[in-house]
Amino acid sequence: MRVLGINAIFHDPAAALVVDGRVVAAAEEERFSRRKHGKRPVPFSAWELPELSAAWCLASAGIDVDALDAVAYSFDPGLCRDAADLGLSDPWDWLRVDYARRAPQFLAAALPGLDPEKVRFVPHHVAHAASAGLAAPPAGDDTAVLVLDGRGEVASHLAGVYRDGRLSPLYSQQLPHSLGLLYEDLTRHLGFLHSSDEYKVMALASYGQPRHLGQLRDLVRVTDDGGFQVERIDWSSMAKAVAAGGELAEEHADLASSVQVRLEEVILDLSRWLYDASGGATTLAMAGGVALNCVANARLAAEGPYRDVWVQPAAGDSGTALGAALHVAGELGDRSAPMAGADLGRGWSEEELEAELRRAALPYTRPASIAAEAARVLADNGIVAWYQGRSEYGPRALGHRSLLAHPGDPDTTRRMNDVKGREQFRPIAPMVRAERFAELFDGVYPSPYMLFVHRVKPEWRDRIPAVTHVDGTARVQTVHAETEPVVAELLAEFERRTGLPVVVNTSLNTAGRPMVDTPREAMELFGSAPVDLLALGPFAVHRGALGGAR
Ligand SMILES: [Fe+2]
């Protein structure tokens, strides 16, 4: 069966193609349109579809629109209720629902040849759940699944269990109670962009003290049935509102810390309830925007009842394109195959990369090993734009569209945040050779998708200061030679030169822009930022070879 998944309803529009239960392509629209998050998260934009990524998914697999068995849309307008009845102040919500109802016609216009009858609506949180429960590595027994989101049609959360590829829902928290909307509200109060900058609030939290935890325990409570309640919160009583981009003070870090800790406590309680209700499933798979909170994920893995915790790398709404497609493929009789990696986006052949370099008239070489060449530049404290293979699905750069640097120089954080134009309190993350992980870090292993924070062992903190956050943690990506041979080689060569099995890895983009996707965008970034080496597939472009001042 050939099923195209579409996420379009709230934000992060994306498309995914599942063939015979296996995902063959998945990409976010922002990588094509170059508009961060694809669109604004407002009802007026709900009609906008991931047209470019959907067309690419089909073209990359050589599948015509009329050969699709179904299109899975990750929102079911038939489940919706009036926003006021749900306790939401969203006067234009009806418009969003109206657009969703017409999605089959809109899709048929965007994908000429599509029969609108082939479009199936998948409940939003069922799509999130499938992106976790059906895409996770095989568990050997039942897989508990926890969706923690801002909102779907009428709910914000879903707890359930997958048995033989079928979801049994156990509890779903109805709106307006929502952990995701709670975090979004705080994000807004702190002067950041909601549905976008929540990870900045999480980073800010590590600078504060949870002074308001007692109050938040009264305001955010778990219930006996596996759900929770969130009262209306007067944020200004705890810290004054910050204007967009305004100055942050201790009181704001303390507020962020308080909400973060309460969120962690609630997630732990929900996961324990689910463990009991699922009959003791040993694996928990998670998705939903809140599952991108890698501090909470790490605490859940450490203190929760599960042997394994797996988080969908595209845990935000983009991942519902994949989940919806997997769910419908299951309904049509296909058995889902676990996803092998997040490199599901666009890729270019060596011939195509070389043609792009020639067209740009850039002086390039083809070293014997691009990994060794990059390691040499990194060991000399240079910055490397690393462009290899297919691009990542989800918000993290995982060694395919990455900006790399030396972890041993304390000044690296400032330089990288300058290159990217980011706030200086934002941490930068390490990738580490899998075989050396345990020597340097404590915490979840393996961690190929960078969705957990880890504790840096005290004896290593001074050796890798650029990736050690103020609280002694790091958000680690483990690199395994079987799945990422070129990155593993780079790390091995860097260690041979420096004694450090770790390299700084951040996404290949500049502030406010989506991650680089095409070779041309990689060259544009290289030309506009103080990057020393562009490693474009097997080809090297050195800053020094360009001539002129550095
Ligand atoms: Fe969602």
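Look a little higher up for the structure.
Everything numeric here is computed off the predicted structure, so don't read it as measured data. (Residues numbered from 1 in each chain as written. Predicted model: local features only at pLDDT ≥ 70, side-chain atom pairs only at ≥ 80, totals over all residues. Heavy atoms only, no water.)

(A) Region of the structure containing the pattern of salt bridges. Counted by the stated rule, this structure contains 36 salt bridges. Arg31 serves as the salt-bridge partner of Glu28, at 3.3 Å between the closest nitrogen and oxygen. This pair shows no difference in class: Glu28 is buried, exactly as Arg31 is. Notably, a salt bridge pairs Arg35 with Glu48, separated by 3.8 Å at the nearest N-O pair. Note that Arg35 is positioned in the loop between α1 (30–33) and α2 (51–61) and Glu48 in the loop between α1 and α2, a separation of 13 residues in sequence. Since its relative accessible area comes to 40%, Arg35 is described here as partly exposed. Overlapping salt bridges bring together Arg433, Glu435, Arg436, Glu439 and Glu495 as one network. (Salt bridge = Lys/Arg side-chain N within 4 Å of Asp/Glu carboxyl O. Buried < 20%, exposed > 50% of the residue type's maximum accessible area, 1.4 Å probe, protein only. Helix = DSSP H or I, 4+ residues; strand = E, 2+ residues; numbered from the N terminus.)

(B) View of the side chain of Asp93. Following the sequence through the fold, Asp93 ends up in helix α3 (residues 93–101). Polar contacts involving the side chain of Asp93 include one to the side chain of Arg96, which spans 2.6 Å. Among all residues touching Asp93, those that are not within four sequence positions of it are Pro43, Arg81, Ala83 and Arg151. (Polar contact = N/O pair within 3.5 Å; in protein donor to acceptor, adjacent residues only side chain to side chain. Contact = heavy atoms within 4.5 Å.)

(C) Molecular detail of the environment of Gln105. Mapped onto the fold, Gln105 is located in helix α4 (residues 103–110). Of the residues examined, Gln105 reaches a relative accessible area of 47% and is grouped as partly exposed. Residues Gln105 and Thr498, spaced 393 residues apart in sequence, show a C-alpha to C-alpha distance of 58 Å.

(D) Local environment of a nonpolar patch on the surface. Nonpolar side chains collect at one region of the surface, where Phe44, Trp92 and Trp94 lie side by side and expose about 360 Å² of accessible area between them. Within the fold, Trp92 resides in the loop between β4 (70–73) and α3. Using a relative accessible area of 42% as the deciding quantity, one classes Trp92 as partly exposed. (Patch = residues over 30% accessible without salt bridge, like charges linked within 9 Å, V, L, I, M, F, W, Y side chains within 5 Å. Areas by Shrake-Rupley, 256 points an atom, 1.4 Å probe, with all protein chains shown as cover.)

(E) Seen up close, the coordination of the iron ion. Looking at the iron ion, the protein donor atoms are His124 (NE2), His128 (NE2), Asp149 (OD), Asp149 (OD) and Asp317 (OD), and they sit 2.0 to 2.7 Å from it. Here the donor residues of the iron ion are spaced in sequence according to H-x3-H-x20-D-x167-D. Here His124 is found in helix α5 (residues 124–133), whereas its partner Asp317 is found in the loop between β12 (308–311) and α11 (319–331), with 193 residues between them in sequence. Asp317 shares its class with His124; the two are buried. (Donors = N, O, S within 2.8 Å, 3.2 Å for Na, K, Ca; no water.)

(F) Spotlight on the sheet that holds β12. Strand order in this open sheet of 5 strands is β8-β7-β6-β11-β12, and the pairing throughout is mixed. In the strand order of this sheet, the two ends are held by β8 (166–171) and β12, each with one partner. Each strand axis lies, on average, 25° off the axis of its neighbour in the sheet, ignoring direction. Here strand β7 (residues 157–163) pairs with β8 via 5 bridges, running antiparallel. Looking at β8, one finds that Ala159 is bridged to Tyr171. (Pairing = 2+ DSSP bridges. Axes fitted to C-alpha atoms, helices over the stretch in contact; angles between N-to-C directions.)

(G) The packing of aromatic side chains, seen in detail. Considering all chains together, one arrives at 12 aromatic pairs under this definition. With a centroid separation of 5.8 Å and an interplanar angle of 35°, the aromatic rings of Trp92 and Trp94 are classed as tilted. Look at Tyr275 and Tyr306: their rings are 5.4 Å apart centre to centre, the planes differ by 90°, and that puts the pair in the edge-to-face class. With Tyr275 in helix α9 (residues 250–277) and Tyr306 in the loop between α10 (294–303) and β12, this pair connects stretches of sequence that are 31 residues apart. Judged by relative accessible area, Tyr275 falls into the partly exposed class, the value being 26%. Classification of Tyr306 by relative accessible area gives buried; the value is 6%. Chaining the aromatic ring pairs together yields one cluster made of Phe44, Trp92 and Trp94. Over the ring of Phe32 we find Arg346, and its NZ or CZ is 3.9 Å from the ring centre. Over the ring of Phe526 we find Arg543; its NZ or CZ atom is 4.7 Å from the centre of that ring. (Phe/Tyr/Trp six-rings, centres within 6.5 Å; stacked < 30°, edge-to-face > 60°. Lys NZ or Arg CZ within 6 Å of the ring centre and 35° of its normal.)

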